[in-house]
Each structure stands twice: as C-alpha cells, then as structure tokens.
Amino acid sequence: MPTSPTLPDPGSIVMYSTSWCGYCRRLKTQLDSEGIGYTEVNIEETPGTAEFVESVNDGNRTVPTVVFPDGSAATNPSLAEVKQRLAA
C-alpha cells in the first residue's frame with residue numbers, strides 16, 4: 001500500500017474527503033460529537049491526494065478514506081470502526 005501523504009498523530013485520523021460528500025459530513029459530525037481529532041484533506045484541492053485515495057481503493061476515488069496512525073486505511077468506515085481501530 002502506498003504511504004499516505006499525511007499520517008495522523010496517535011489517537012487521531014486523517015480523513016480524505018470532498019466538499020460535496022454526504023458520508024464525509026456525517027463522519028465528521030460523529031467524530032466531533034465523540035471528541036475524536038482528525039485532519040481533513042480535500043482531494044479536489046490538495047495535489048496528489050486523489051491519487052493516494054485511488055491507490056487504496058482499487059482505482060476509485062471513494063471518500064471518506066480514513067488513514068490511521070499505523071498507516072492503514074479504511075474506506076467509508078463507521079464511527080464504531082474508527083473508535084475500535086484507534087483503541088487497538
């Protein structure tokens with residue numbers, strides 16, 4: 001798996017998103033309500049990030065794509081999955 005352009009600090013995530021993505025908005029709202037820190041990267045505005053998202057999603061620009069501190073990625077994860085993977 002290619003390395004994410006940005007790795008998050010422990011206990012937080014990097015979320016690759018777009019401005020129009022409803023799933024991204026929902027996850028951000030859930031993360032905010034749980035106090036989970038995240039850095040949002042808009043793949044339409046940040047060069048090279050759309051290519052990273054494609055590389056971890058079989059060529060698709062599927063968002064949200066979330067990167068965890070260990071460098072692993074998940075596509076459109078639930079809040080429960082984010083919490084579980086951050087706790088591991």
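All figures in this text were calculated on a predicted structure; none of them were measured in a lab. Sequence positions are assigned chain by chain, starting from 1 and proceeding in written order. pLDDT decides what is reported in this predicted model: residues at 70 or higher carry local features, side-chain atom pairs at 80 or more are listed and counted, and totals for whole chains, interfaces and linings draw on all residues regardless. Only hydrogens and water are set aside when side-chain values are computed; all heavy atoms of the structure are taken into account.

Our next topic: helix 2 (residues 49-56). Residues Thr49, Ala50, Phe52 and Val53 constitute the buried set of helix 2. With its buried residues spanning 160 degrees around the axis, helix 2 presents them on a single face. The buried label goes to any residue with under 20% of its type's maximum accessible area, the exposed label to any with over 50%, and the partly exposed label to all in between, with areas taken from a 1.4 Å probe on protein chains only. Note on conventions: DSSP H or I runs of at least 4 residues are helices, E runs of at least 2 residues are strands, and numbering of each starts at the N terminus. Within this analysis, the arc is defined by the directions that extend from the helix axis to the C-beta atoms.

Whenever strands of a sheet pair, they do so through backbone hydrogen bonds, lying parallel or antiparallel. Paired strands are those between which DSSP finds at least two bridges. Pairing is mixed in the open sheet, where 4 strands are placed in the order 2-1-3-4. The sheet is open, and its two edges are formed by strand 2 (37-42) and strand 4 (73-75), each paired on a single side. Ignoring which end each strand starts from, the neighbouring axes of this sheet average 25 degrees apart. Those strands touched by helix 1 (residues 22-34) are strand 1 (12-17), strand 2 and strand 3 (65-67), and its axis lies near 160 degrees from that of strand 1. Under this scheme, a helix contributes an axis fitted over its contacting stretch, all axes are lines through C-alpha atoms, and angles between N-to-C directions fall in the 0 to 180 degree range. The contact rule is simple, with two residues in contact once any of their heavy atoms fall within 4.5 Å.

This next bit is on the side chain of Lys28. Take Lys28: it is sitting in helix 1. Of the residues examined, Lys28 reaches a relative accessible area of 18% and is grouped as buried.

As paired elements, strand 1 and strand 2 share 6 bridges and run parallel to each other. Bridging across to strand 2, Ser12 finds its partner in Gly37. After leaving strand 1, the chain enters helix 1 and then returns to the sheet as strand 2, a path that is right-handed. With its strands directed away from the observer, a crossover is right-handed exactly when the path from the first strand over the helix to the second travels clockwise.

Bringing the packing of aromatic side chains into the picture now. What counts as a ring pair is set by centres within 6.5 Å for rings of Phe, Tyr and Trp (its six-membered ring), and what kind of pair is set by the plane angle: stacked under 30 degrees, edge-to-face over 60, tilted for all other angles. On inspection of all chains with the given rule, the structure shows 1 aromatic pair. Taking 5.3 Å as the distance between ring centres and 50 degrees as the angle between the ring planes, the aromatic pair formed by Tyr16 and Phe52 counts as tilted. On the criterion of sequence distance, the pair formed by Tyr16 in strand 1 and Phe52 in helix 2 is long-range, its members being 36 residues apart. Here Tyr16 falls in the buried class, since its relative accessible area comes to 0%. When its relative accessible area of 4% is taken as the criterion, Phe52 is described as buried.

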